[in-house]
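In case you want the letters, here they are:
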Amino acid sequence: MGRIFGTDGARGVANTEISCTLAMDIGRAVGMVISEKTDRRPRILIGRDTRISGDMLQSAVAAGLCSVGSDVVLLGVVPTPAVAYLVTAMGADAGIMLSASHNPYEFNGIKVFGPQGFKLTDEQEFEIEEIVLDKTIPFSVQWGARVGRVYEEANAVERYITHLLSTIDAPLGGICVALDCSNGSASATAKALFERAGAFVTVFHAGPDGININGRCGSTHIETLSQLVKSGKFDCGFAFDGDADRCLGVTAEGELVDGDRIIAVLAKDLRARGRLPGDTAVVTVMSNLGFHKFCEQEGIGAAVTKVGDRYVLENMLENGYMIGGEQSGHVILREFMTTGDGQLTALQLLAVMKRTGKSLRELAEVMRVYPQVMVNIRADPDMKSRLELDEGVRQAVEKVRAALGGQGRVLVRVSGTEPLIRVMIEGVDEAYIRAAAEEIAQTIKERLGNNESDQGL
């Protein structure tokens, strides 16, 4: 087995790649690592999304934790950021979220947060992996009165909602919003949260059955919400992913407002109110060229990291920045949360609409979106490992970069959360960049040995 943790925790098909045995062993390893840093019995929170495998993996992780002497507090179905927030609010030693985010229902994953509500560092994850993978390191199994116990926190959702409501200064009365909960974690929180914030709310895809999470709904199928908003009398709409740590917006006209434009709107608002330290926002290499043009025009700095909200957060913490995120809709507002939070992001956008009296479309026009094409190629670990070493792929990429000159970008990378190699090109001529992306993808398939691809814009 290779590394357990990718860019966003451990993830794979439940009961095969993420087996009960692996989940239990990760629980044991987390308990051991956490116990080294406290002089009391560790107390570790577990939250989950709505996947059918959630009960199974929750039991396995809890058993592993209890077996090494950690107490467990079950939060039930909650968004990922709720776990991050409640770790600190409840004074726990760690938090674990069981979710595969935007992936289909058959997947699941394990994300771990430390006592300050931040995802674990690479070094901490390596320590856990070493315990799980190196069979010469024995698990510190306890017995008798030293075995951990399992408790339930009945007020987890209420505590989280109360915190989010405290982040806005005034009610959102008069705004009519559509919310796509992706049949995921937001199903447990969104309606109550936005209604209590004062908005007129209609929720869609908020009836989870264990297998319909992310099923042609949510932030990965934004076209669904776009049609719903256009067909109704809504001021705007927001779509969350399975664990509600990301969101995408839709204007009243059905136009997408992605993570880049969301960050642009919020960064401009924060700067206007004197709440943007360093006059800088943090984004990843995937962010649209239009975001950088926006920053140049507004005098806002754009710090760039590799893909992954954990790397965005590391840059924010290192430099004292307060906003950052990804084009996919992960937005970190560090004044209020230690990780990306889709519902918090939506609340803050609605608050800007309320303060300014502008529509979401008017606000989003601050940034022009340059054409951007993405082609995904199915890739196993061997293909991923050979990508950067292949001379033919390198030459194909350099050919397109030379043709674009300074009017676009090419990015080829392996996904840290899915079995994919991604080819992203942006530029002025959409027809050309689409053809160029297909050409590079075909080269990758021919050189690395896979004829499958999954296109997406």
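Residues numbered from 1 in each chain as written. Predicted model: local features only at pLDDT ≥ 70, side-chain atom pairs only at ≥ 80, totals over all residues. Heavy atoms only, no water.

Participant: Could you clarify how one ought to interpret the pairing of strand 8 (residues 200-204) in this entry?
Facilitator: Two faces, one strand: in a regular strand the side chains alternate between the faces of the sheet. Pairing between strand 7 (residues 176-180) and strand 8: 5 bridges, direction parallel. Paired with Val177 across the two strands is Val201, which belongs to strand 8. Where the polypeptide runs from strand 7 across helix 6 (residues 190-196) and back to strand 8, its parallel neighbour, the crossover connection is right-handed. (Pairing = 2+ DSSP bridges. Helix = DSSP H or I, 4+ residues; strand = E, 2+ residues; numbered from the N terminus. Right-handed = clockwise from strand over helix to strand, strands pointing away.)

Participant: Can you help me understand the pattern of salt bridges in this one?
Facilitator: Pairing between side chains of opposite charge can happen when the charged atoms of each approach one another. One pass over the full model with this rule turns up 33 salt bridges. Between Glu158 and Arg196 there is a salt bridge, with the nearest N and O atoms lying 3.0 Å from each other. In this pair, Glu158 is assigned in helix 5 (residues 156-165) and Arg196 in helix 6, connecting sequence segments 38 residues apart. In this structure, the salt-bridge partner of Glu255 is Arg361, at a minimum N-O distance of 3.6 Å. Of this pair, Glu255 sits in the loop between strand 10 (247-251) and strand 11 (256-257) while Arg361 sits in helix 12 (residues 360-364), and the two are 106 residues apart along the sequence. Residue Glu255 is classed as partly exposed on the basis of its relative accessible area of 29%. (Salt bridge = Lys/Arg side-chain N within 4 Å of Asp/Glu carboxyl O. Buried < 20%, exposed > 50% of the residue type's maximum accessible area, 1.4 Å probe, protein only.)

Participant: Before we go on, may I ask you to explain the side chain of His330 in this structure?
Facilitator: Looking at where His330 falls in the secondary structure, it is placed in the loop between strand 14 (323-325) and strand 15 (331-333). Relative accessible area serves as the criterion here: at 4%, His330 is assigned to the buried category. In this structure the side chain of His330 is engaged in a polar contact, spanning 3.1 Å, whose partner is the side chain of Asp245. Once residues lying within four places of it in the same chain are set aside, the contact partners of His330 are Asp245, Arg246, Asp309, Gly324 and Gly325. (Polar contact = N/O pair within 3.5 Å; in protein donor to acceptor, adjacent residues only side chain to side chain. Contact = heavy atoms within 4.5 Å.)

Participant: What exactly am I supposed to notice about helix 7 (residues 222-231) here?
Facilitator: Restricting attention to buried positions, one finds in helix 7 the residues Ile222, Leu225, Ser226 and Val229. Projected onto a plane normal to the axis of helix 7, the buried residues spread over an arc of 105° and lie on a single side. Where the residues of helix 7 are buried, they touch strand 7, strand 9 (236-240), strand 10 and strand 11. (Arc of directions from axis to C-beta.)

Participant: What's the story with the layout of surface pockets in this structure? I'm lost.
Facilitator: Empty pockets left among the atoms are what a rolling probe the size of a water molecule brings to light. Of the volumes computed, that of the second largest pocket is approximately 1200 Å³. Secondary-structure elements contributing two or more residues to the lining of the second largest pocket are strand 1 (10-13), helix 10 (309-319), helix 13 (381-386) and strand 17 (408-414). Counting residues per element, the lining of the second largest pocket draws most heavily on strand 17, which supplies 4 residues. For the lining of the second largest pocket, the class distribution of residues is 17 nonpolar, 9 polar and 11 charged. (1 Å grid on protein atoms, 1.4 Å probe; cavity = no way out; pocket = protein on both sides within 12 Å on 5 of 7 lines; lining within 4 Å. Points joined across faces, edges and corners; volume = space filled by probe spheres on them. Nonpolar A, V, L, I, M, F, W, Y, C, P; charged D, E, K, R; others polar.)

Participant: Just checking my understanding: could you explain the packing of aromatic side chains for this structure?
Facilitator: Aromatic ring pairs are described here by two measures, namely the spacing of the ring centres and the angle between the planes. Enumeration over the complete set of coordinates arrives at 3 aromatic pairs. When the centroid spacing of 6.3 Å and the interplanar angle of 75° are considered together, the rings of Phe204 and Phe234 count as edge-to-face. A residue pair is termed long-range when its members are at least 10 positions apart, and Phe204 in strand 8 and Phe234 in the loop between helix 7 and strand 9 qualify at 30 residues. A single burial state applies to Phe204 and to Phe234, both of which are buried. One residue, Arg146, lies across the ring of Trp143, its end atom 5.7 Å from the ring centre. (Phe/Tyr/Trp six-rings, centres within 6.5 Å; stacked < 30°, edge-to-face > 60°. Lys NZ or Arg CZ within 6 Å of the ring centre and 35° of its normal.)

Participant: Can you walk me through the packing of helix 3 (residues 80-89) against helix 5 in this structure?
Facilitator: Any two packed helices are characterised by how steeply their axes cross, that is the angle between the axes, and by the distance between the axes. Closest axis-to-axis distance for the helix 3/helix 5 pair is 10 Å, and the angle between their directions is 90°. Classed by the angle they form, the pair helix 3 and helix 5 counts as roughly perpendicular. Contacts between helix 3 and helix 5 involve Pro81, Ala82, Tyr85, Leu86 and Ala89 on the former and, on the latter, Ala156, Arg159, Tyr160 and His163. (Axes fitted to C-alpha atoms, helices over the stretch in contact; angles between N-to-C directions. Parallel < 35°, antiparallel > 145°, perpendicular 65-115°, else oblique.)

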